[in-house]
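Residue strings, one per chain:
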Amino acid sequence: MLTVNIICVGKLKEKYWTQAIAEYEKRLSAFCKFNIIEVNEEKISDNPSDSQIQNTIVHEGERIESKLKKNSFVVSMCIEGKIISSEELSQMIEKASVDGFSSIDFIIGGSWGISQKLKGLSNAKISMGRMTFPHQLARVMLTEQIYRAFQISSHTKYHK
């Protein structure tokens, strides 16, 4: 069974986000082994310098990189990524599985983004669009889209 991981910076704080994730996690159990892997957020001042921001991105990136699985298809969620449809995400997941990847690791960076090193390690870069979303909401949206992708592959009525 394919393993799908969302590796992200920080923890969900609000109960409604954790409940939404729990619901999709339960639904996804029929299709894959699904995990949310959280890494610690780097502490940074309220008015950081450019070098502090870069250090934060690098340190969070190192934490994320340590959680990447061997033989995993890595997807960075980043602003410069490609905007794709739910159907295209479904095809990407199917293709990764057919191509022999045992897991797919989706990366959601911290509030300052994802390191260039992680982006370079990625098999794909996806953007949720040009709008900005809170990271907690982005995590829920990505989880729902992963569930939708499996529903599309299964030809169910969920995706209309």
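The sections below set out a description of the structure shown in this document. (Residues numbered from 1 in each chain as written. Predicted model: local features only at pLDDT ≥ 70, side-chain atom pairs only at ≥ 80, totals over all residues. Heavy atoms only, no water.)

Section: helix α5 (residues 135-153)
And then number 1: Between its first and last C-alpha, α5 extends 27 Å over 19 residues, near the 27 Å set by a 1.5 Å rise per residue.
And then number 2: In the segment just after α5, H155 is the residue with positive phi, at about 60°. (Helix = DSSP H or I, 4+ residues; strand = E, 2+ residues; numbered from the N terminus. Expected span 1.5 Å × (residues − 1).)

Some words on the sheet that holds strand β1 (residues 3-9)
And then number 1: Overall, parallel pairing links the 5 strands, which are arranged β2-β1-β4-β3-β5 in an open sheet. Bordering the open sheet on either side are β2 (33-39) and β5 (124-127), each of which pairs with just one other strand. Each adjacent strand pair in this sheet contributes to an overall mean axis angle of 30°, direction not counted.
And then number 2: Pairing of strand β3 (residues 72-83) with β5, which is carried by 5 bridges, proceeds in the parallel orientation. Opposite S76, over in β5, you have K125 as the bridge partner. (Pairing = 2+ DSSP bridges. Axes fitted to C-alpha atoms, helices over the stretch in contact; angles between N-to-C directions.)

Things to note about the packing of helix α1 (residues 15-28) against α5
And then number 1: Contact geometry for α1 and α5: axes closest at 10 Å, N-to-C directions at 20°. What the angle tells us is that α1 and α5 run roughly parallel. In terms of crossing hand, the pair formed by α1 and α5 is left-handed. Between α1 and α5, the residues in contact are W17, A20, I21, Y24, R27 and L28 and Q136, L137, R139, V140, T143, E144, I146, Y147 and F150, respectively.
And then number 2: Taken together, the residues of the contact of α1 with α5 sort by class into 10 nonpolar, 2 polar and 3 charged. (Parallel < 35°, antiparallel > 145°, perpendicular 65-115°, else oblique. Left-handed = near helix turned anticlockwise from the far one by under 90°. Contact = heavy atoms within 4.5 Å. Nonpolar A, V, L, I, M, F, W, Y, C, P; charged D, E, K, R; others polar.)

Quick look at the environment of E144
And then number 1: Looking at the element boundaries, E144 is found in helix α5.
And then number 2: When its relative accessible area of 13% is taken as the criterion, E144 is described as buried.
And then number 3: Spatially, the C-alpha atom of E144 lies 25 Å from that of K70, the residues being 74 residues apart in sequence.
And then number 4: Those residues in contact with E144, other than ones at most four positions away along the chain, are Y24 and Y158. (Buried < 20%, exposed > 50% of the residue type's maximum accessible area, 1.4 Å probe, protein only.)

Considering the layout of surface pockets
And then number 1: By volume, the largest pocket amounts to about 450 Å³.
And then number 2: Along its surface, the largest pocket is lined by 21 residues, and M77, C78, I79, F133 and H135 are the ones closest to its centre.
And then number 3: Those elements giving two or more residues to the lining of the largest pocket turn out to be β3, β5 and α5.
And then number 4: Considering every element that reaches the lining of the largest pocket, the biggest residue donor is β3, with 4 residues.
And then number 5: For the lining of the largest pocket, a count of residues per class yields 11 nonpolar, 8 polar and 2 charged.
And then number 6: The space that makes up the second largest pocket amounts to roughly 200 Å³.
And then number 7: At 3 residues, α5 tops the list of elements feeding residues into the lining of the second largest pocket. (1 Å grid on protein atoms, 1.4 Å probe; cavity = no way out; pocket = protein on both sides within 12 Å on 5 of 7 lines; lining within 4 Å. Points joined across faces, edges and corners; volume = space filled by probe spheres on them.)

By themselves, these are just geometric observations and shouldn't be taken as functional.
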